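# Topology and contacts: notes
Here are the chains, one letter per residue:
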Amino acid sequence: MPLNLPDKLPAIEILKKENIFVMDETRAQNQQIRPLRIVILNLMPLKITTETDLIRLLSNTPLQLEIFFMKLKSHTSKNTPVKHMKMFYKDSSELMKQKFDGMIVTGAPVETIPYENVDYWSEINKIFDWARTHVESTLYLCWGAMAALFHFYGIPKYSLKSKKFGVFKTYPCDPQAQIFRGFDDYFYMPHSRHTEVRREDISQVNDLEILAESPDAGVSIVSSRNGREFYILGHMEYAPNTLDLEYKRDKGKRSDVNLPQNYYRADNPENGVEVLWRSAANLFYSNWIDYYVYQETPYDINDIK
């Protein structure tokens, strides 16, 4: 089944070229199947890139999804055209009047700032609390994951001496968990962050379960409330060239950024990227939709608006 996306969203044409079946709103109105409603709070500066990355992964399911994009009232994006934001995004206050089957909260380029000093901290706390009563299952990514862990459980973040940057081998702690159905004994996950959360803090909270860890990147995936919330400390959604673009952007400008680990063939940027994470990323998002959004959602079509 296709994804139901807003008319003229840039990701539609990009993904069609990748032979991914997507459906715009106009065509979807004639479909009789009740789509799953997924809302994305996109806090990343390059919003169109992040939209495309996430939609690419969400497309790998036989279920029809209707995608909504949420924006903050207390923060204005400086890197995305105003026209794009007005056309495709709705204020959090408007979308918080509704219920959704799934939600994704992205990372944000504010991880070195204390949480309370982030200009939209108050608003995002309200969104976190709202999601617990209006969303069946939520994925929190990178900074979004750390922020939510701090908000709900007081889990602190710690600054790293150098950026955790690269693609790291990761092991499921419970290979029988439904989120890892079809996974191999280990998988790879990109990381790009200056801070971390630690096992010793998380293990003290009964409601939290560490689902995956990396010998080099540490805690990678955490869950709570029987899969109602997942906290992903890396970036499974990244496109193959994302770390390359970040490395070239920061090279010579920051002293704490090194060559991304396990990323370039033979650790040489001239050799190109060795993509190690895409199959696991697609499987993870499909499992999330199939087992934690679709099979668990209690919402009737007449009860979602």
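Everything numeric here is computed off the predicted structure, so don't read it as measured data.

### As for the pairing of strand β11 (residues 218–224)
Extensive coverage of β11 is indicated by the burial of 6 of its 7 residues. Across 6 bridges, strand β10 (residues 208–214) lies against β11 in antiparallel orientation. Looking at β11, one finds that A212 is bridged to I221. Where β11 hands over to strand β12 (residues 229–232), the hairpin turn is made up of 4 residues, of which R225 adopts a positive phi near 55°.

### Observations regarding the UniProt feature "binding site: substrate" (unreviewed entry) in the protein
What UniProt calls "binding site: substrate" (unreviewed entry) maps, in this numbering, to K163, S192 and R249. A maximum C-alpha distance of 14.1 Å among these annotated residues, which run over 87 residues, shows that they cluster at one spot. When you line up the elements, K163 lands in strand β8 (residues 158–172). We classify K163 as buried; its relative accessible area is 9%. Every residue in contact with K163, bar those within four places of it in the chain, is listed here: S192, R193, H194, E246, R249, D250, D256 and V257. Considering the arrangement of structural elements, one finds R249 in helix α9 (residues 242–250). On the basis of relative accessibility, which here comes to 46%, the residue R249 falls in the partly exposed class.

### Digging into the environment of E246
Secondary-structure assignment places E246 in helix α9. Between the alpha carbons of E246 and V257 there is a distance of 9.7 Å; along the sequence they are 11 residues apart. Beyond its immediate chain neighbours, meaning those up to four positions away, E246 contacts K163, F165, S192 and Y238. A polar atom in the side chain of E246 sits 3.4 Å from the side chain of K163.

### Concerning the UniProt feature "site: Important for substrate specificity" (unreviewed entry) in the protein
The UniProt record annotates "site: Important for substrate specificity" (unreviewed entry) at S192. With respect to the secondary-structure elements, S192 resides in strand β9 (residues 187–196). Apart from the residues lying within four places of it in its own chain, the contact partners of S192 are E111, C142, K163, K164, F165, H235, Y238, L243 and E246.

### Remarks on the packing of aromatic side chains
Inspection of every chain in the model, using the stated rule, returns 24 aromatic pairs. Ring geometry for F68 versus F100: centroids 5.3 Å apart, planes at 75°, classification edge-to-face. Of this pair, F68 sits in strand β4 (residues 65–71) while F100 sits in strand β6 (residues 100–105), placing them 32 residues apart in sequence. For the pair formed by F68 and F100, the shared burial category is buried.

Thresholds, definitions, all that
- Residues numbered from 1 in each chain as written.
- Predicted model: local features only at pLDDT ≥ 70, side-chain atom pairs only at ≥ 80, totals over all residues.
- Heavy atoms only, no water.
- Buried < 20%, exposed > 50% of the residue type's maximum accessible area, 1.4 Å probe, protein only.
- Helix = DSSP H or I, 4+ residues; strand = E, 2+ residues; numbered from the N terminus.
- Pairing = 2+ DSSP bridges.
- UniProt positions renumbered as here; feature names shortened; annotations may be inferred.
- Contact = heavy atoms within 4.5 Å.
- Polar contact = N/O pair within 3.5 Å; in protein donor to acceptor, adjacent residues only side chain to side chain.
- Phe/Tyr/Trp six-rings, centres within 6.5 Å; stacked < 30°, edge-to-face > 60°.

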